[in-house]
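Structure at a glance
Residue-level listing of the chains:
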Amino acid sequence: MKVDRPAPQTVAYFSMEVALESPLPTYSGGLGVLAGDMLRSAADLGLSMVGVTLLHRKGYFSQRLDDDGRQYEEPATWSIEQYLHLTESTCQVEVEGRPVTVRAWQYLITGASGTVVPVLLLDTDLPCNDPYDRTLTDNLYGGDQRYRLCQEVILGVGGVRMLRAMGYTRIVRFHMNEGHAALLALELFAEQFKQMLQRREDAINLVKHLCVFTTHTPLPAGHDQFPLDLAQRVLSADQWEALHALSCCNGSLNMTHVGLHLSDYVNGVTKRHREVSRTMFPDHAIGSITNGVHSPTWTAAPFRALYDRYTPAWREDNFLLRYALGIPLDAIQQAHDEAKRSLITEVNRTANAVFDLHTFTIGFARRATAYKRPDLLFYNLERLRQISARRGPLQVIFSGKAHPRDEEGKALIQKIFRWAKELAPEVKVAYLPNYNMDLGLLLTSGADLWLNTPQPPYEASGTSGMKAAHNGVPSLSVLDGWWLEVPLQGVTGWAIGSRDNGTSFERRDDKDAEELYSTLEETILPLYYGDPVHWTELMRFTIALNASFFNTHRMLQEYVTHAYRDR
Ligand SMILES: *Cc1c(COP(=O)(O)O)cnc(C)c1O
C-alpha cells in the first residue's frame, strides 16, 4: 500500500498473536482472539488503528488426539499468499549483533462502517538473513527463551521501525497487548535516549505519554522474563543501554516491568483482575477495562438473522442488543435449535458419537491447562451419573489444545478421555480436536449451558462465556473474571463459589464440585426439562443483559475514553 498523504492520527496495536480468521494459525487462544476482536471493532467504529504482529509461517500447531486422548502436535502450515498481500516496505533490526531485514505482509479488516484497519504481519524469512534469523517468524510460542526473546525484538523493535518505514508518522498511542510487545516501548525510549536531546526523566515521560499497556494474567508463567546475560547477547547496544537507563529490571529482563515503567495507562481486563494486578504490582496505578467479544464474529448465523430482523443496526451499535427483550420466545428457541443441530451434527461426524438433539448439552472449551479445571465436572463420577438418572439425560462436549510443553494440560485431556469411557453410556462425553475460532462459534452457540470452572483468581477475564451469551446460552461459572460483573443469579446463568474470596489463591475443589452438582441437580436440569418457556426467557435475558455489554465495541470505547484520549 502506498501512503500518498499523511496517515490520520492512528493507534498502533501490538500483539504477539492476532486471530484474523479461523484457518489462519496466527493465534493460540484468548489473547489472540481478543486482539482480532479489538481490531474488528475498530474497523466497525471507524477508528484509525493499525495492528502489528508476526507472520507465524508455521503457526501455533494443529492438534491430533489418538483414542486415548494423547495429543500430537503437527505443523499448521498455511497458504500465506491466499490471505495476505506483501508490502514493499522493509526495515532492519539487530539481533545478537546480526543485522536482520524484516518485511511486512498485510491483512485488511473492513468494518461495518467501511473503515479499513490494516494488520502488519512481520516476516524475516528472507535470503539475505542468517538461517536462524529466517526462522524467527515461524512458530507462535515455540522454541526456547532465546528464540522467544529474538521474536520479541522483531515484534517490538521491528514493529516500530516498520511503521516508520511505511509512513505512519502520526501514531498517537502505541498499545502493548501483553508483555510480549514491551520492547516497542524500549525502542521508543532508545530513540529518544540516543539523540541525547532529552534528560532521562523527560525521555521517559515522553515515551510514557505514547504508551498503553494491558496485562492479561495473574499467572506468573504468563509474564515473560529473561536472564540478563541472554538479554545482553540478544539486544543491540543502544537497547541494552536504554534498559539500564530505565533501571526497572533487577536481575532479569521482565517484560511486564518494562511495560509498566513505560506506560501512562496500564489496565487489567476485569475489575477483579485489576485488584489482583494491584497486589502484584503495588508501585503502579492500574485501571480496568473489562474484555468483550466482537459481536458479529461470535454470533451464529441463525441469531445473526434474528438480530438483523429485530434490531437491525446491532452490528454498528452493539448496545442495541438490549432490545433482544422484544424478540418472541419461539423465534429464540428456533434459532437455538438450529445452532444446536449444527453442533450435534459436527460432534457425531468428527467424534463418531451418537449425541442427541433433545438431550441437555454442556459445552466446555478453552486451553487445556490445570487452572481452568476441566476435571472439576468429573470430581465424582457416580454423582454425575445419579444426577443424569434422576433429572434427565445430559451430554458434554469438550475442546481445547494443551501448550506443547504443558504436560499437566496434556494429561488432563487423557483423563477426560478415560472418564468419558467410564461414564458411557449413561452420560456421553466427547472431545473435539483442534479447537479454533470455527469450533469456538459452533460450541458456544450450540450448547445449552456454558460451563466455566477456573481456579480463582487465575481467570483474568474469560471470553468464551461472552460468546455463548451472544447466542443466548447461559453460563454456569465459578465467580471469577467477567462472571463477577454479571449481577443477577438465575437470570443469565448461575454462580459457583462466593464473591468475597477476593484475591486469595486457596483451592476448594471439593466445595466447588459440590456446588456445581447441586446447581445442576436442583436448579438447572429441572428448569431445562420441566419449564422450557422459563428456560427460553433466560436465554433472552442472557442476550439482552450480557451480549449488549460484554462486547468489544463497549470495550474499545472505554479504551478510547481512558487510554487513547489526550492525557
Ligand atoms: C474465545 C476463544 C478462546 C478464549 O476463551 P476463554 O474463555 O477466554 O478461555 C480460546 N481459543 C479459542 C479458539 C477461542 O475462540
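Residues numbered from 1 in each chain as written. Predicted model: local features only at pLDDT ≥ 70, side-chain atom pairs only at ≥ 80, totals over all residues. Heavy atoms only, no water.

Below, the discussion takes up the site of the ligand. Close to the ligand lie 13 residues, the nearest being K372, Y435, T463, S464 and K467. Interatomic distance of 2.9 Å between a side-chain N/O atom of K372 and an oxygen atom of the ligand. A distance of 2.8 Å separates an oxygen atom of the ligand from a polar backbone atom of T463. Contact with the protein chains covers 94% of the free accessible surface of the ligand, which is 390 Å². Within the residue set of the shell around the ligand, elements represented by two or more residues are α1 (30-45) and α16 (464-470). Looking at the shell around the ligand residue by residue, the classes come out as four nonpolar, six polar and three charged. (Near = heavy atom within 4 Å. Polar contact = N/O pair within 3.5 Å; in protein donor to acceptor, adjacent residues only side chain to side chain. Areas by Shrake-Rupley, 256 points an atom, 1.4 Å probe, with all protein chains shown as cover. Helix = DSSP H or I, 4+ residues; strand = E, 2+ residues; numbered from the N terminus. Nonpolar A, V, L, I, M, F, W, Y, C, P; charged D, E, K, R; others polar.)

Strand order in the open sheet formed by six strands is β16-β15-β14-β17-β18-β19, and the pairing between neighbours is parallel. Unpaired on one side and paired on the other, β16 (428-432) and β19 (493-496) mark the two borders of the sheet. With strand direction ignored, the average angle separating the axes of adjacent strands in the sheet is 20 degrees. Judged from the five bridges that link them, strand β15 (residues 394-399) and β16 form a sheet pairing that is parallel. The residue bridging S399 from the neighbouring strand is L432, located in β16. (Pairing = 2+ DSSP bridges. Axes fitted to C-alpha atoms, helices over the stretch in contact; angles between N-to-C directions.)

Running from amino to carboxyl end, helix α12 (residues 329-350) crosses helix α15 (residues 437-446) at an angle of 125 degrees, the nearest separation of the two axes being 8 Å. Relative to α15, α12 is oriented oblique. Of the two elements, α12 crosses α15, and the hand of that crossing is left-handed. Together, H336, A339, K340, S342, L343 and E346 of α12 and L442, L443, S445 and G446 of α15 make up the contact between the two elements. (Parallel < 35°, antiparallel > 145°, perpendicular 65-115°, else oblique. Left-handed = near helix turned anticlockwise from the far one by under 90°. Contact = heavy atoms within 4.5 Å.)

Here the focus is the domain arrangement of the protein. Accessible area lost when the parts come together is the quantity often used to give the size of an interface. Entries for the protein in the domain assignment read domain 1 (10-292 + 555-564) and domain 2 (339-547). Listed as interface residues are 35 residues of domain 1 and, on the opposing side, 37 residues of domain 2. Taken over both partners, the interface formed by domain 1 and domain 2 buries close to 2900 Å², and the fraction arising from carbon and sulfur atoms is 56%. When the buried area of domain 1 at its contact with domain 2 is split by residue, S22, Q63 and R272 rank highest and sum to 23% of it. Seen at the junction of domain 1 and domain 2, the total is four salt bridges. Among the salt bridges present, the one from D480 reaches R272, with a minimum N-O distance of 3.7 Å. Every element with two or more residues in the side of domain 1 that touches domain 2 is listed here: α1, β3 (62-65), β4 (71-74) and α10 (271-280). Among the elements that make up the side of domain 1 that touches domain 2, the one with the highest residue count is α10 (six residues). For the side of domain 1 that touches domain 2, the residue count by class is 11 nonpolar, 14 polar and 10 charged. (Domains from an automatic or database assignment. Buried area = accessible area lost by both parts, 1.4 Å probe. Salt bridge = Lys/Arg side-chain N within 4 Å of Asp/Glu carboxyl O.)

Before going further, it helps to spend a moment on the pattern of salt bridges. Summed over the entire model, instances satisfying the criterion amount to 41 salt bridges. Between R148 and D224 there is a salt bridge whose closest N-O contact spans 3.0 Å. Here D224 lies in the loop between β9 (211-214) and β10 (225-227) and R148 lies in helix α4 (residues 145-165), a separation of 76 residues in the sequence. Taken as a pair, R148 and D224 share a single burial class, namely buried. Among the charged side chains, a network of salt bridges with common partners joins R373, R507, R508, D509, D512 and E515. (Buried < 20%, exposed > 50% of the residue type's maximum accessible area, 1.4 Å probe, protein only.)

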